Amino acid sequence: MRLRRMVAALFVVAASTAVFATPAHAAGPSKVSVVHGIPGQPVDVYVNGAKTLNNFQPSTVAGPLDLPAGKYDIVIVKPGDPVTSPIIKVDQAAVPADANITLVAHLTADGKPTLTPFVNDVSKVAAGKARLVVRHTAAAPAVDVRAGGQPVFKNLTNPNEAKGDIAAGTVSADVVLAGTTTVAIPAASLTLAEGTSTIVYAVGSATDKTLGVVAQKIEGLHSTPGGVPSGTGGLLDEPTPWGLYALAIAGVVALAGGAVAVRRRVRA
Amino acid sequence: MHRRSVLGAVVVLLTLAGCADDPAPSVGGATASALAASSAPAASGGVPVQAGTLPGAAATVAPARLAIGKLNLTARVDAVGIDSATGDFAVPPSIDKVGWYRFGPGLEATAGSIVIAGHVDSAEQGKGAFFRLRELGPGDTVAVTGSDGAVRNFTVVAREIFAKTAVPLERYFARDGAPRLTLITCGGPFDAKTRHYRDNVVITAQPVER
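None of the values given here were measured: they were computed from a predicted structure.

Undergrad: Which parts of the structure should I look at to understand the overall build of chain A?
TA: A count of helical and extended segments in chain A gives two helices and 16 strands. Here chain A holds 268 residues, and the buried ones make up 37% of them. Residue pairs at least 24 apart in sequence account for 61% of intrachain contacts in chain A once pairs closer than 6 positions are excluded.

This is how it looks when you write it as structure tokens:
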């Protein structure tokens, strides 16, 4: 829910009254990916009038593209159709600077094609952990996501997300109608690699029996271990003090020798 | 004459004291940094499109045995991760084994740093597998046998010694840059109160072309 508000603030369509403030400092481009979550309908994607994705297939992920901060007109059509007969059309979509964004073409809860932007959390995960993000972008009611049979994300609704950083490894997850054990999307095995974010989109339509998942992976979010403690014996260091004492004695002897030499010279 | 002998004695003292603190000074650091910074050429062409299938387990070749001829060392390599209590590298407690960081690249990797760490010693068990690691220098050979049975040879290009508070771990736990093997242990002065060494000894080795 909070993310939805964040997204709304970052990614403003022309119809909205909100204004996106461009930061004054020099800003880098954003990484923009596109997820196709509408079953059975390949599309062409136009960005500012230029065909950017040709015959883009359902359940695939395109990008990331580097897009400078700015406003973009996005039109999604059936392959070969002119931009004048869109399936989805978003005018003046504002892409912020220095962000990682996924545009998801999907169905609304009541089954209409739409395009929803999500801001991806690309903060580092702790060493040994992986990030799991689940986004409800299906024409379906509220759901719970279960891992190992236990609900981990509850009452997720379209178009929102839930996320958490968990121990890296393989989990078995499924999706049930919220508060029930009625399976909406059957269990699947999911390998969450350490230092990555796996974003799972619930897509399709419950009515049309086309519910499924699309996954997007973001790598490079790993942290280093805190340190490499690999010695508690002190054996390596042990000779050092004796060596130093010996040297100190040698030094004193040498100095004394020098002093003797000086005295001898004075006498002479 | 007396001035010269006093000066000579001081120089000898300083030099030898320096050696005692740091018998194996760093060498090859610039090479190690360059390996970390090198990147694969960027793919050109259209927008990449991938199937949105759920991620499965990656095929990794774990290091199983480590052999270093110069040190007359062979050691078993265990796959290890993070010590959940401390957040540190979970170096195998048994000092005759060394640990491969299983979250980082394995031997199959075409980029990044394969990390193996081992004990220099332990209070309970004595000298560890990596007791003499700091004796390695550029040109020495390290052989790693993978879980697939194949032996890969590496040539040492750098030996670096860092205070643990200043060791650039992101460079050694990197998953990008040239493929390389990183061996880590402890070194430097020992604090008898905390029972910890001050420094980390880091050996960087490059794969030998096969």
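Undergrad: Help me understand helix 2 (residues 29-37) of chain B in this model?
TA: Helical geometry: 3.6 residues make up each α-helical turn, so side chains three or four residues apart lie on a common side. All names here are of chain B. All buried positions along helix 2 are accounted for by Ala32, Leu35 and Ala36. The buried residues of helix 2 all sit within an arc of 100° when viewed along its axis, so they share a single face. Of the exposed residues in helix 2, those oriented more than 90 degrees away from the buried face are Ala30 and Ala37. Lining the buried residues of helix 2 we find strand 9 (151-163), helix 3 (169-172), strand 10 (180-191) and strand 11 (196-207).

Undergrad: Mind showing me how you'd approach the pairing of strand 11 of chain B here?
TA: The two faces of the sheet receive side chains in turn, since in a regular strand these alternate between them. Residue and element names in this part refer to chain B. As paired elements, strand 9 and strand 11 share nine bridges and run antiparallel to each other. Looking at the pairing, Ala158 lines up with Thr204 of strand 11. Pairing between strand 10 and strand 11: nine bridges, direction antiparallel. What sits directly across from Thr182, in strand 11, is Thr204. Hairpin remark: strand 10 followed by strand 11, antiparallel, with four residues in the connecting loop; positive phi at Arg195, about 55°.

Undergrad: How do you make sense of the domain arrangement of chain A when you look at a structure like this?
TA: Interface size is often expressed as the accessible area that is lost when the parts come together. All names here are of chain A. In terms of domain boundaries, chain A breaks down into domain 1 (1-120 + 232-268) and domain 2 (122-230). Counting only elements with at least two residues in the side of domain 1 that touches domain 2, the list comes to helix 1 (2-10), strand 1 (30-36), strand 7 (100-107) and strand 8 (113-119). Top element by residues in the side of domain 1 that touches domain 2 is strand 7. It accounts for five residues. In terms of residue class, the side of domain 1 that touches domain 2 is made up of nine nonpolar, 10 polar and two charged.

Undergrad: Would you take a moment to explain the sheet that holds strand 5 (residues 70-77) of chain A for this structure?
TA: Strand pairs in the sheet, formed through backbone hydrogen bonds, run parallel or antiparallel to each other. Residue and element names in this part refer to chain A. Ordered by their spatial adjacency, four strands build an open sheet running 3-2-5-6, and the pairing between neighbours is antiparallel. Every interior strand has two partners, whereas the edge strands, strand 3 (50-56) and strand 6 (88-95), have only one. In this sheet, neighbouring strand axes are inclined to one another by 20° on average, regardless of whether the strands run parallel or antiparallel. Taken together, the four bridges between strand 2 (residues 43-47) and strand 3 define a ladder with antiparallel strand orientation. Of the residues in strand 3, the one forming a bridge with Val47 is Ala50.

Rules and cut-offs
- Residues numbered from 1 in each chain as written.
- Chains lettered and ligands numbered in written order.
- Predicted model: local features only at pLDDT ≥ 70, side-chain atom pairs only at ≥ 80, totals over all residues.
- Helix = DSSP H or I, 4+ residues; strand = E, 2+ residues; numbered from the N terminus.
- Buried ≥ 20, exposed ≤ 12 C-beta atoms within 10 Å, placed from the backbone.
- Contact = placed C-beta atoms within 7 Å.
- Arc of directions from axis to C-beta.
- Pairing = 2+ DSSP bridges.
- Domains from an automatic or database assignment.
- Nonpolar A, V, L, I, M, F, W, Y, C, P; charged D, E, K, R; others polar.
- Axes fitted to C-alpha atoms, helices over the stretch in contact; angles between N-to-C directions.

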